[in-house]
Amino acid sequence: MTEDELLEAVEDIEAIETLDSTTEDFAASIADSVESFLIALRAASREQDGGTVISLLLLEISQVLLAGARLGAQVDFEPRSEYQPDVGPESDLDDMRLRLATLFGGVDTYSLVFDPYDPEVVDSSLSDDLTSIASDLENGLRHYRSGDVDEALWWWQFSYVSSWGNLAGALLNALLSVVAHDRLDTDVADVDAEQVAAADEMLAEPVDEAR
């Protein structure tokens, strides 16, 4: 290690050690919310009752969006280096994604407008978007657990604004629509009858757990 690299490493350690208590408490609160969401999402993917999953995800997505809103309300966090430190390989979330896709069945595919100021309707899937959110959140959590609070806060805030915040909002709207079709017996001419039937079926009957 060169002298410059050694000095940079010492500065990084000092920066971690001198975080103010308010920032540390804020980061701990966000980390708790993220961990709770990830645990709940994995548990939801193993459920067999569609109605239970919808209710659970409506709650958990709302709560993690609150954490995101708190991040968005803060001044911009700054990483200490240009490149993200290596915190090991990402978790393999593909099995969870496949279980969710099987669980959602006919309501997995939905449409969303990612940017309302440049409206373009695109098709996406609940299972893919939930997994994408989990990947973003888990990446920040790995930085946090390694002791790099600055990097974790920067990543959670950046990815909330650029990606997972928008996806979580779209998912919440889609899941609420599933509930509305089921509970209100929506009868609107431009609603796809097959999707309404799929929503009714998912909330009415358990499905076999994916292997």
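For clarity, every value in this text was computed on a predicted model and none was experimentally measured.

J.: Tell me about the overall build of the protein chain, residues and numbers included.
T.: A tally of regular secondary structure across the protein chain gives 7 helices and 2 strands. Taken from the N to the C terminus, the helices and strands of the protein chain come in the order α-α-α-α-β-β-α-α-α. Across the 211 residues that make up the protein chain, the buried fraction comes to 38%. Pairs at least 24 apart in sequence give 75% of the contacts found in the protein chain among residues at least 6 apart.

J.: Before we move on, can you summarise the packing of aromatic side chains with the specific residues and values?
T.: Working definition: an aromatic ring pair is given by the centre-to-centre distance plus the angle between the planes. The full count for this structure, using the stated rule, is 6 aromatic pairs. Ring geometry for Y144 against W156: centres 6.2 Å apart, planes inclined by 35°, an arrangement best described as tilted. Residue Y144 is located in helix α5 (residues 126-145), and its partner W156 is located in helix α6 (residues 149-183); the two are separated by 12 residues in the primary sequence. Classification of Y144 by relative accessible area gives partly exposed; the value is 25%. A connected cluster of aromatic rings, assembled from ring pairs, spans W154, W155 and F158.

J.: Summarise the pairing of strand β1 (residues 109-113); cite the residues concerned and give the values.
T.: Taking every second residue as pointing to the same face, the buried face of β1 carries Y110 and L112, while none of T109, S111 and V113 on the other face is buried. The pairing of β1 with strand β2 (residues 121-125) spans 5 bridges and is antiparallel. From the neighbouring strand, T109 faces β2, where its bridge partner is S125.

J.: Give me the lowdown on the nonpolar core, citing residues and values where you can.
T.: Counting residues in hydrophobic clusters, the biggest one holds 47 residues, and the most contacted among them are F37, L57, I61, F104, L130 and W156. Here the element with the most residues in this core is α6; it accounts for 15 residues. With residues up to four places along the chain from it excluded, the contact list for W156 reads A27, I30, A31, V34, L71, D136, L137, G140, L141, Y144 and W164.

J.: Just give me the short version of the packing of helix α2 (residues 21-45) against helix α3 (residues 50-72), but keep the residues and values in it.
T.: Look at α2 against α3: their axes get within 10 Å of each other, and the N-to-C directions meet at 160°. When the axes of α2 and α3 are compared, the pair comes out roughly antiparallel. Two packed elements cross with a definite hand, and for α2 against α3 that hand is left-handed. On the side of α2, the interface is formed by F26, S29, I30, S33, S36, F37, A40, L41 and A44, while α3 contributes V53, L56, L57, E60, I61, V64, A67, R70 and L71. Along the lines of polarity and charge, the residues of the contact of α2 with α3 split into 13 nonpolar, 3 polar and 2 charged.

J.: How would you sum up the pattern of salt bridges? Please name residues and give values.
T.: For side chains of opposite charge, pairing can occur when their charged atoms come near one another. Scanning all chains against the criterion turns up 4 salt bridges. For D128, the salt bridge identified is with R97, shortest N-O distance 3.5 Å. Taken as a pair, D128 in helix α5 and R97 in helix α4 (residues 94-104) lie far apart in primary sequence, 31 residues in all. With relative accessibility at 37%, the residue D128 sits in the partly exposed group. For the salt bridge of E138 with R142, the shortest nitrogen-to-oxygen distance reads 3.2 Å. Placement of both E138 and R142 in helix α5 is noted, with a separation of 4 residues, approximately one turn of the helix.

J.: So what's going on with the side chain of N139? Which residues, and what values?
T.: Within the secondary structure, N139 sits in helix α5. Non-local contacts of N139, meaning those with residues more than four positions away in its chain, are made with Q84 and W155.

J.: So what's going on with α4? Residues and values would help.
T.: Listing the buried residues of α4 in full gives M96, R99, L100, L103 and F104. The buried residues of α4 all sit within an arc of 125° when viewed along its axis, so they share a single face. Looking one or two residues beyond α4, the residue adopting positive phi is G105, at roughly 55°.

J.: Report on the environment of L172, specifying residues and quantitative values.
T.: By the secondary structure assignment, L172 is in helix α6. On a C-alpha basis, the gap between L172 and L65 in space is 9.5 Å, while along the polypeptide they are 107 residues apart.

J.: An account of α3 is requested, with residue identities and associated values reported.
T.: Taking 1.5 Å per residue, 23 residues should reach 33 Å; α3 reaches 32 Å between its end C-alpha atoms and fits that length. Every buried residue of α3 is listed here: G50, G51, V53, I54, L57, E60, I61, V64, L65, A67, G68 and L71. One side-chain oxygen of the residue at the start of α3 lies 3.1 Å from the amide nitrogen of G51, identifying that residue as D49.

Parameters at a glance
- Residues numbered from 1 in each chain as written.
- Predicted model: local features only at pLDDT ≥ 70, side-chain atom pairs only at ≥ 80, totals over all residues.
- Heavy atoms only, no water.
- Helix = DSSP H or I, 4+ residues; strand = E, 2+ residues; numbered from the N terminus.
- Buried < 20%, exposed > 50% of the residue type's maximum accessible area, 1.4 Å probe, protein only.
- Contact = heavy atoms within 4.5 Å.
- Phe/Tyr/Trp six-rings, centres within 6.5 Å; stacked < 30°, edge-to-face > 60°.
- Pairing = 2+ DSSP bridges.
- Core = buried A, V, L, I, M, F, W, Y, C linked by side-chain atoms within 4.5 Å.
- Axes fitted to C-alpha atoms, helices over the stretch in contact; angles between N-to-C directions.
- Parallel < 35°, antiparallel > 145°, perpendicular 65-115°, else oblique.
- Left-handed = near helix turned anticlockwise from the far one by under 90°.
- Nonpolar A, V, L, I, M, F, W, Y, C, P; charged D, E, K, R; others polar.
- Salt bridge = Lys/Arg side-chain N within 4 Å of Asp/Glu carboxyl O.
- Arc of directions from axis to C-beta.
- Expected span 1.5 Å × (residues − 1).
- Polar contact = N/O pair within 3.5 Å; in protein donor to acceptor, adjacent residues only side chain to side chain.

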